[in-house]
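Reading the structure
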Amino acid sequence: MKTGYYGIYGGQYVAETLMPAISELTEAYKKYINDEDFIAEYKSLLADYVGRPSSLYYASRLTEHCGGAKIYLKREDLNHTGAHKVNNTIGQCLLAKKMGKKRVIAETGAGMHGVATATAAALFGLKCEVFMGAEDIRRQAPNVDRMKMLGADIVSVTSGSSTLKDAMNEALRNWVTTVEDTFYVIGTVAGPAPYPEMVKEFQSVIGIESKQQLLEKEGCLPDMVIACVGGGSNAMGIFAGFENDADVKLIGVEAEGSGIETGKHAASINGGRVGVLHGNKTYLLQDDDGQIIETHSISAGLDYPGVGPEHSYLNDTKRAEYTCIKDNEAIEAFQILCYKEGIIPALESSHAVAEALKQAPKMGKDKIILVNLSGRGDKDMLSVREYLDSH
Amino acid sequence: MNRIDSKFSQLKQENKKAIVPYICAGDPNLETTEDIILALAANGADVIEVGVPFSDPMADGPSIQYACKRAIDAGTTLKKIFEMVVRIRKQTDVPLILFSYYNVLFNGGFENNVKKAKEIGIDGMLIVDVPYEEYDEVEPILKANDVHLIRLVAPTTDGERLERILKDAAGFVYCITVKGVTGARAELPADLQERLEKIQNLSKAPIVAGFGISSGDMAKPIAKHSDGVVVGSAFVNRIEKSDTKEEAVSSCLELLEDLKRGVSPA
């Protein structure tokens, strides 16, 4: 298999101007990921700064509500900045610092990756610019303020559907102009190699911890692991702990928006076909002519027409199953988790919770479902309020 | 012989530089594109890049981004562009290069699209987001069909990498002049001429410089150290400002004349 490929997926489909920077990054990543001092510094930051390990919480009232499998929540929402994204941005910004870069850029959808990048940039004394779709700036306003407080500049992107995909286009355009002193912090397991591999590596702490924590609490592995998938970094992170345990069923949950049949969704695997965008070959939502189509999801973080290449591979090899959750189901799961457990989940993570609500009743009480609660929902008040008011 | 190769050997004999306009196909509609390409070809454009619009043109600045959007909104598809090329080929032998992002060519099968392109008289393809690392996916197919893969080198391409890319280049090498996206610029980097000279010495294939060039005056110093210039956004901007097809054609011809003055050895 060629480097940076997962079966036929992945690759390095970028403009020539960026390629030398990507090769430089690949070299640096290979060097530092095997460097004891780098890893020690990274781990110490995860422990003392991010607050890891994040807890593994047995959601007894949610379990009771479903009347089936025991549901455990991996509480990435309790991390500093409120989501799993920080695991990756600490890793990448630390790498940027080691490489002597002075400035980082990032794309963001829900704003969690933007906040996490702005946070890490502040921590390491790097200049930070975040590209965000105008529609996302509107619907995720609290995160925009947070990024500004942290000293980041926000660039409002108005092209296309003014969401995550367009923010990524603009970040790539900026990178091509500033490539010599700038490090592009990609927030998900997509983009040109080595990003999918690197982001997975930095997020794999989720899976590794969960496994150990569950073994301590239950003495066994979960029967099923569920995570939401936009680009797919929280899913790949938790899957990483279990990918070699063939008996553990892995489920990635895509955002079905109003339903695949309506065309208003963001389910790239379930509703798309293979293509090339943003540096990698993967499942994409596109029309008959190969133009990328606009996506829809109530969750800004899942509102993206592609998916990380390894997810495409796991789908084709059937190692993981990719299901769909609609906007209304995610909202319902959001409310149930609020009422039953006193946890306000991110709308992204609510998709994973919704899938657990479907799966748990079908499974015996001796079974265990592990859900990655990838982030908290403070940012989503406006979206949820607007949805509830209009439905 | 591939039309691109014949053209460059002819230019060399005549001691002339190539002028390579880029036109975004379908902006504002394919009838206009067709007329512009035919007029440019009839009036001395040496090679023409037919831009295939893409929804997410990551390497392009605002001019070509908006052109892509207008073209897609007007219903432009690869199939319709091919139909236009068939009509164009009946009237001119100007070398034609398809300039595209990979997804549009990958869609429906890359090999199918290359075969079709060859059949209708496309001579080369420039695929913006397929760098050297991924050539093995496209180059064998293109070679088998005698369609040149136009390789790109950027200001960041250096050392061993530069030599590797230049080594087996076919048709010509596209030298990106600036670190950045496409778009007309007021000036070009100070070290550009030196850089072009270096590439010219290393390259067996002709080298053509592009990105940012918008006038004959800008093209002049570049033409001294290269085998030609690509001009894109400046044509796109003129088309955008034109109210009618006729105006678009004459405005493009005006720019072509200016470029010809700029690159002529006088």
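Rules used throughout
Residues numbered from 1 in each chain as written. Chains lettered and ligands numbered in written order. Predicted model: local features only at pLDDT ≥ 70, side-chain atom pairs only at ≥ 80, totals over all residues. Heavy atoms only, no water. Buried < 20%, exposed > 50% of the residue type's maximum accessible area, 1.4 Å probe, protein only. Helix = DSSP H or I, 4+ residues; strand = E, 2+ residues; numbered from the N terminus. Arc of directions from axis to C-beta. Contact = heavy atoms within 4.5 Å. Core = buried A, V, L, I, M, F, W, Y, C linked by side-chain atoms within 4.5 Å. Phe/Tyr/Trp six-rings, centres within 6.5 Å; stacked < 30°, edge-to-face > 60°. pLDDT = per-residue confidence, 0-100. Pairing = 2+ DSSP bridges. Axes fitted to C-alpha atoms, helices over the stretch in contact; angles between N-to-C directions. Buried area = accessible area lost by both parts, 1.4 Å probe. Polar contact = N/O pair within 3.5 Å; in protein donor to acceptor, adjacent residues only side chain to side chain. Nonpolar A, V, L, I, M, F, W, Y, C, P; charged D, E, K, R; others polar.

Remarks on helix α6 (residues 110-120) of chain B
Residue and element names in this part refer to chain B. Within the sequence span of α6, burial applies to Phe110, Asn113, Val114, Ala117 and Ile120. Around the axis of α6, the buried residues are gathered within 135° of arc, so they sit on the same side. Every exposed residue of α6 that faces more than 90 degrees away from the buried side is listed here: Asn112 and Glu119. For α6, the elements touching its buried residues are α4 (78-89), α5 (102-106), β4 (124-127) and α7 (135-144). Directly after α6, the chain includes glycine 121, whose backbone phi takes a positive value near 105°.

Quick look at the side chain of histidine 351 of chain A
Looking at the secondary structure, you find histidine 351 of chain A in helix α14 (residues 347-359). Apart from residues no more than four positions distant in its own chain, histidine 351 of chain A is found in contact with Cys228, Val253, Glu254, Ala255, Ser297, Ile298, Ser299, Leu302, Ile325 and Ala330 of chain A.

Quick look at the nonpolar core
Leu95 and Trp175 of chain A together with Leu98, Phe110, Met125 and Tyr174 of chain B are the most contacted members of the largest nonpolar core, which has 192 residues in total. For this core, the element with the highest residue contribution is helix α1 (residues 19-33) of chain A, accounting for 8 residues. Beyond its immediate chain neighbours, meaning those up to four positions away, phenylalanine 110 of chain B contacts Tyr102, Leu105, Met125, Ile127, Val138, Ile141 and Leu142 of chain B.

A look at the packing of aromatic side chains
In the structure shown here, the tally under the stated rule is 15 aromatic pairs over all chains. Here tyrosine 13 of chain A and tyrosine 102 of chain B contribute two aromatic rings whose centre-to-centre distance is 5.7 Å and whose plane-to-plane angle is 15°, an arrangement assigned as stacked. Within this pair, whereas tyrosine 13 of chain A is found in strand β2 (residues 9-13), its partner tyrosine 102 of chain B is found in helix α5, the two belonging to separate chains. Residue tyrosine 13 of chain A is classed as buried on the basis of its relative accessible area, which comes to 2%. Here tyrosine 42 of chain A and phenylalanine 202 of chain A contribute two aromatic rings whose centre-to-centre distance is 5.1 Å and whose plane-to-plane angle is 55°, an arrangement assigned as tilted. Of this pair, tyrosine 42 of chain A sits in helix α2 (residues 36-50) while phenylalanine 202 of chain A is found in helix α9 (residues 195-218), placing the two residues 160 residues apart along the sequence. Accessibility assignment for this pair places tyrosine 42 of chain A and phenylalanine 202 of chain A in one class, buried. Taken together, the aromatic side chains of Tyr13 of chain A together with Tyr102, Phe106 and Phe110 of chain B make up a single cluster linked through ring pairs.

Some remarks on the confidence of the model for chain A
Predicted confidence across chain A gives a mean pLDDT of 96, with 100% of residues reaching 70 or more. Per-element confidence in chain A is highest for strand β9 (residues 224-228) of chain A, whose mean pLDDT is 99, and lowest for helix α6 (residues 134-139) of chain A, whose mean pLDDT is 91.

Some details on unusual backbone geometry
The bulk of non-glycine residues show a negative phi, and the bulk of peptide bonds are trans. All names here are of chain A. In the segment running from arginine 52 into proline 53, the intervening peptide bond is cis, with an omega of 0°. Turning to its location among the elements, proline 53 is positioned in the loop between α2 and β3 (56-58). With an omega of 15°, the peptide bond between alanine 193 and proline 194 qualifies as cis. For proline 194, the position within the fold is in the loop between β8 (182-184) and α9. Of note, the phi angle at histidine 278 is positive, near 50°, even though the residue is not glycine.

Considering the sheet that holds β9 of chain A
Residue and element names in this part refer to chain A. Strand order in the open sheet made by the 6 strands is β3-β4-β14-β9-β10-β13, with mixed pairing throughout. Every interior strand has two partners, whereas the edge strands, β3 and β13 (320-326), have only one. If you compare each strand with its neighbour and ignore which way they point, the axes differ by 25° on average. In this sheet, strand β14 (residues 368-373) lies alongside β9 in parallel orientation, the contact comprising 3 bridges. Bridged to valine 225 within β14 is leucine 370. Here helix α13 (residues 327-341) sits on the sheet in contact with β3, β4 (70-75), β10 (249-257), β13 and β14, set at roughly 90° to β13.

Brief notes about the interface of chain B and chain A
Across the boundary between the two partners, chain B contributes 36 residues, which contact 36 residues of chain A. Together chain B and chain A conceal approximately 2,900 Å² of surface at their shared face, both sides included; 50% is due to carbon and sulfur atoms. Connecting chain B to chain A are 23 residue pairs in polar contact (both at pLDDT 80 or more). Where the side of chain B that touches chain A is concerned, the elements lending two or more residues are α3 (62-73), α5, α7, β6 (151-153) and α8 (159-167) of chain B. The dominant element in the side of chain B that touches chain A, judged by the number of residues it contributes, is α5 of chain B, at 4 residues. Here the side of chain B that touches chain A is composed, by residue class, of 19 nonpolar, 8 polar and 9 charged.

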